[in-house]
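Read off the chains here:
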Amino acid sequence: MTLLFHQEAVRIRAGVRYDRAGTPLPDWSESAVSRLPLSRLNIAPRTTEETRDGAGVRVVTGWWLQTAPGRDADIQAQDRVEFDGLLCEVLGEVQRWPDPFTGRIHHVKVALQRAK
């Protein structure tokens with residue numbers, strides 16, 4: 001039994017709403033989002049940064065989300081991910097690593113940061 005890839009999360013994707021000019025905007029309201037359970041994940045700490053400004057101290061924590069070998073995940077850069085009671089934003093692009101022997105997805109790696 002492996003200690004890795006036993007965690008679960010939920011991918012949250014915004015719906016679409018339109019402003020007065022008809023421009024599509026993300027709709028994060030509960031009735032508009034779509035949720036997709038994800039399994040066989042490893043979620044590990046990535047970084048913790050502390051910044052100080054006039055408002056005080058701000059701590060930002062990040063995580064790596066990685067799928068098990070041979071597993072893709074329907075996650076995009078504009079999505080959010082919820083795990084262990086935390087709501088996180090995807091940072092940057094979703095990294096899909098190819099298997100050098102088959103050309104299919106070997107695993108997916110995603111940088112996460114707690115949503116503001």
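Scroll up to find the structure this text is about.
Remember, predicted model here, so these are calculated numbers, not experimental data.

## Some points on the packing of aromatic side chains
- Applying the stated criterion across every chain yields a total of 1 aromatic pair.
- With 5.4 Å between their ring centres and 85° between their planes, Trp 63 and Phe 83 make a pair best called edge-to-face. Here Trp 63 is found in strand S5 (residues 56-67), whereas its partner Phe 83 is found in strand S6 (residues 80-83), with 20 residues between them in sequence.
- Above the ring of Trp 64, the side-chain terminus of Arg 46 is found at 5.9 Å from the ring centroid.

## Focus: the nonpolar core
- Of all hydrophobic cores here, the largest spans 17 residues; its most connected members are Leu 65, Ile 75, Phe 83, Val 110 and Leu 112.
- Of all the secondary-structure elements, those providing two or more residues to this core are strand S4 (34-53), S5, S6, strand S7 (86-98) and strand S8 (105-114).
- Sorting elements by how many residues they give to this core places S7 first, with 4 residues.
- Once you skip the residues sitting within four places of it in the chain, Leu 65 turns out to touch Leu 41, Asn 42, Ile 43, Ile 75, Val 81, Val 108, Lys 109, Val 110 and Leu 112.

## So, the pattern of salt bridges
- All told, the structure shown has 7 salt bridges when counted by the stated rule.
- The salt bridge partner of Glu 30 is Arg 35, with a shortest N-O separation of 3.2 Å.
- When its relative accessible area of 57% is taken as the criterion, Glu 30 is described as exposed.
- For Arg 35, a relative accessible area of 41% gives the class partly exposed.
- With a shortest N-O distance of 3.4 Å, Arg 35 and Glu 82 are connected by a salt bridge. Remark: Glu 82 occurs in strand S6 and Arg 35 occurs in strand S4; sequence separation between them is 47 residues.
- Because the salt bridges share partners, they merge into one network encompassing Arg 11, Arg 13, Asp 74 and Asp 79.

Criteria and thresholds
- Residues numbered from 1 in each chain as written.
- Predicted model: local features only at pLDDT ≥ 70, side-chain atom pairs only at ≥ 80, totals over all residues.
- Heavy atoms only, no water.
- Phe/Tyr/Trp six-rings, centres within 6.5 Å; stacked < 30°, edge-to-face > 60°.
- Helix = DSSP H or I, 4+ residues; strand = E, 2+ residues; numbered from the N terminus.
- Lys NZ or Arg CZ within 6 Å of the ring centre and 35° of its normal.
- Core = buried A, V, L, I, M, F, W, Y, C linked by side-chain atoms within 4.5 Å.
- Buried < 20%, exposed > 50% of the residue type's maximum accessible area, 1.4 Å probe, protein only.
- Contact = heavy atoms within 4.5 Å.
- Salt bridge = Lys/Arg side-chain N within 4 Å of Asp/Glu carboxyl O.

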